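What the coordinates show
The lines below spell out each chain.
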Amino acid sequence: MNAQKATDPQLRLIRQSDVDAVMAVENRAYPFPWTAGIFRDCLYAGHECWMLEGQSGIIGYFVMSCAAGEGHLLNLCVAPEHQGHGQGRRLLRQVFEVARWHRLQRLFLEVRPSNPHAIALYESEGFNEIGKRPNYYPAAKGREDGIVMAIELQEFDFTA
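The paragraphs below set out a description of the structure included in this document. Given the structure is predicted, the values throughout are model-derived calculations rather than measurements. (Residues numbered from 1 in each chain as written. Predicted model: local features only at pLDDT ≥ 70, side-chain atom pairs only at ≥ 80, totals over all residues. Heavy atoms only, no water.)

Some points on the overall build of the protein
Within the protein, the secondary structure is distributed over 4 helices and 7 strands. Shown N-terminal to C-terminal, the secondary structure of the protein runs as helices and strands in the order β-α-α-β-β-β-α-β-α-β-β. For a compact globule of 160 residues, the expected C-alpha radius of gyration is about 15 Å, and the protein comes in at 16 Å, within 12% of that figure. Dimensions of the protein, computed from the C-alpha atoms along their principal axes, are close to 50 × 40 × 30 Å. Burial analysis of the protein (160 residues in total) assigns 41% to the buried set. In the protein, the proportion of contacts linking residues at least 24 apart, taken out of those at least 6 apart, comes to 59%. (Helix = DSSP H or I, 4+ residues; strand = E, 2+ residues; numbered from the N terminus. Rg over C-alpha atoms; globule rule 2.2 N^0.38 Å. Buried < 20%, exposed > 50% of the residue type's maximum accessible area, 1.4 Å probe, protein only. Contact = heavy atoms within 4.5 Å.)

This is the structure:
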């Protein structure tokens, strides 16, 4: 039996009341963070906004848009103090569960070339590089390209 303890981190939907706590993680994790307004807009738009929460607070979260059989992973973040312990993989697998629920056929994301740990995670879960977005991200010295990655989700069994 795989019973979860009450002290284990729990996945749940992000609420408007969580935005300040999510922003605290976002600001620690990224030199160019999203704004609170972006998170609120994503919630208002009905995007899939999930967080992994432990006893000490938010461990990580993701935001994904879903439409016309495709998903776009807009943000996946793990708090710096929780990185390197499998929490990003746990969140990414929840992304796949949400994709299954929406019956998505493919999933896209962008990632910074300067983030080799994220690239390795995405590749290990089946994503492939399909292109680049020139000057996609703000960077300390101007702009940084975005690597576009995708995964085809037909291998998921959507009949279950």
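Some points on helix α2 (residues 36-45)
Along α2, the positions that sit buried rather than exposed are Phe 39, Cys 42 and Leu 43. Here the buried residues of α2 occupy an arc of 100° about the axis, which is enough to place them on one side. α2 presents Asp 41, Tyr 44 and Ala 45 as exposed residues on the side facing more than 90 degrees away from its buried surface. One or two positions beyond α2, positive phi appears at Gly 46, with a value near 85°. (Arc of directions from axis to C-beta.)

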